[in-house]
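Architecture at a glance
Given next are the chains, with one letter for each unit.
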Amino acid sequence: MFPYELDVHTHTVSSGHYTHDTITDMARCAAQSGIKLLGISEHGPAIPHSCTLSYFRGQSLAPSRRMGIHVLYGAEANITDLSGSLDLPREIMEKLDYCMAGMHLPCLSPGTVQENTEAYIHAIENPYIRIIAHPDDTKYPVNYHRLMEAAMDCRVLLEINNSSLAPDSYRGNSSQTKENDRAILELCRKYHYPILLSSDSHGRAHIGDFTHALALIQEINFPKELIINYSADKFLRFLSSNTTSF
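The present account deals with the structure reproduced in this document. Keep in mind that this is a model prediction, so the values were computed, not measured. (Residues numbered from 1 in each chain as written. Predicted model: local features only at pLDDT ≥ 70, side-chain atom pairs only at ≥ 80, totals over all residues. Heavy atoms only, no water.)

For the rest of this paragraph, the subject is the overall build of the chain. When helices and strands are counted, the chain shows nine helices and 10 strands. The C-alpha atoms of the chain give 16 Å as radius of gyration, which agrees with the globular expectation for 246 residues (18 Å, within 12%). Referenced to the eigenvectors of the C-alpha coordinate spread, the extents of the chain come out at roughly 40 × 35 × 35 Å. For the chain, the residues scored as buried account for 55% of the 246 residues in total. Put simply, 77% of the contacts in the chain that link residues at least 6 apart link residues at least 24 apart. On the chain, roughly 10,300 Å² of surface is accessible, and the fraction owed to carbon and sulfur atoms is 50%. Here the chain carries 20 positive and 28 negative side-chain charges, and the mean point of each set is 6 Å from the other. (Helix = DSSP H or I, 4+ residues; strand = E, 2+ residues; numbered from the N terminus. Rg over C-alpha atoms; globule rule 2.2 N^0.38 Å. Buried < 20%, exposed > 50% of the residue type's maximum accessible area, 1.4 Å probe, protein only. Contact = heavy atoms within 4.5 Å. Areas by Shrake-Rupley, 256 points an atom, 1.4 Å probe, with all protein chains shown as cover. Lys, Arg positive; Asp, Glu negative; His and termini not counted. Charge placed at Lys NZ, Arg CZ, Asp CG, Glu CD.)

Let us look at the packing of helix 7 (residues 174-191) against helix 8 (residues 211-219). Between helix 7 and helix 8, the least distance of the axes is 11 Å, while the angle of their chain directions is 55°. Considered as vectors, helix 7 and helix 8 are oriented oblique to each other. Handedness of the helix 7/helix 8 crossing: right-handed. Along the contact surface, helix 7 presents Lys178, Asp181, Arg182 and Leu185, while helix 8 presents Leu216, Ile217 and Glu219. The residue inventory of the contact of helix 7 with helix 8, partitioned by class, reads three nonpolar, no polar and four charged. (Axes fitted to C-alpha atoms, helices over the stretch in contact; angles between N-to-C directions. Parallel < 35°, antiparallel > 145°, perpendicular 65-115°, else oblique. Left-handed = near helix turned anticlockwise from the far one by under 90°. Nonpolar A, V, L, I, M, F, W, Y, C, P; charged D, E, K, R; others polar.)

Right, let's get into the packing of aromatic side chains. What describes a pair of aromatic rings is the distance from one ring centre to the other and the angle between the planes of the rings. One pass over the structure, following the stated rule, counts four aromatic pairs. An angle of 65° between the planes, with centres 5.9 Å apart, marks the rings of tyrosine 4 and phenylalanine 210 as edge-to-face. A residue pair is termed long-range when its members are at least 10 positions apart, and tyrosine 4 in the segment before strand 1 (6-7) and phenylalanine 210 in the loop between strand 10 (201-202) and helix 8 qualify at 206 residues. The pair tyrosine 4 / phenylalanine 210 is uniform in exposure class, with both members buried. For the ring pair tyrosine 4 and tyrosine 230, a centre distance of 4.6 Å and an interplane angle of 50° mean the geometry is tilted. Separated by 226 residues along the polypeptide, tyrosine 4 in the segment before strand 1 and tyrosine 230 in the loop between helix 8 and helix 9 (232-241) bring together distant segments of the chain. The class for tyrosine 4 is buried, based on a relative accessible area of 6%. Taken together, the aromatic side chains of Tyr4, Phe210 and Tyr230 make up a single cluster linked through ring pairs. Over the face of the ring belonging to phenylalanine 238 we find arginine 130, whose NZ or CZ atom lies 4.2 Å from the ring centre. A cation over a ring is seen here: lysine 224 above tyrosine 230, with NZ or CZ 4.5 Å from the ring centre. (Phe/Tyr/Trp six-rings, centres within 6.5 Å; stacked < 30°, edge-to-face > 60°. Lys NZ or Arg CZ within 6 Å of the ring centre and 35° of its normal.)

For histidine 192, which is not glycine, the phi torsion reads 50° and is therefore positive. Assignment of secondary structure puts histidine 192 in the loop between helix 7 and strand 9 (196-198). Of the residues examined, histidine 192 reaches a relative accessible area of 52% and is grouped as exposed. The backbone of aspartate 200 sits at a positive phi, close to 55°, despite the residue not being glycine. The residue aspartate 200 is located in the loop between strand 9 and strand 10 in this model.

Okay, the pairing of strand 5 (residues 69-78) next. Where burial is concerned, most of strand 5 is hidden: nine out of the 10 residues are buried. Two elements, strand 3 (residues 37-43) and strand 5, share seven bridges in a ladder whose sense is parallel. Across the sheet, the residue bridging to glycine 39 is leucine 72, located in strand 5. Where strand 4 (residues 65-66) and strand 5 come together, two bridges link them in antiparallel fashion. Bridged to arginine 66 within strand 5 is isoleucine 69. The loop that links strand 4 with its antiparallel partner strand 5 comprises two residues; one of these, methionine 67, has a positive phi angle of about 55°. Strand direction decides the pairing type here: strand 5 and strand 6 (residues 98-102), joined by five bridges, are parallel. Paired with alanine 77 across the bridge in strand 6 is alanine 101. (Pairing = 2+ DSSP bridges.)

Set out below in structure tokens:
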């Protein structure tokens, strides 16, 4: 059985690329693997062919139990400018179970290290953002010390994205990505701050697949107690209480 209880960065056919799998397909696969909590985080509308605002409005009506597991309905909002603006309005985000924010080339051209860092920080300061997606992206270099400070101040999780670490990742140089993730993990260790592992699975094929992330975690002997994926209850408490306290 799957040793971790949650994967909350996943995409269905509604995100517009790479898969024909529906939420039901995803939930069935997650249940079969032993996951207790599945998060569906479709791309925001600034990604070509992704979900409309109407789609996200309808998520509040979706069932929270599918195939015997708990399903959360969130979004991967796009940072659309170097001021940290997002492509989802407040009235949408406040009704979702959670929101993450990320940088993607169709929506934002990379800036300098300082500009990228400031954009992330402004997104972190949005009260509806609880996770920063793939902050290891080599196309958007950042100051990780400043990013970690902002994440801790605003009680936002940084993500170790398994897809980013894959040798064939479309995000760029996997060796540099690994160094970026190593920097994030070492800062989490230093400040005893939790980390989130994510598959970023587009479709069911990679739900709960943290193979590359776990290899790095084992390589640096990162402490198990700082990996929030071990407990669905702890993650849900994090979402509901706006705290990272365990």
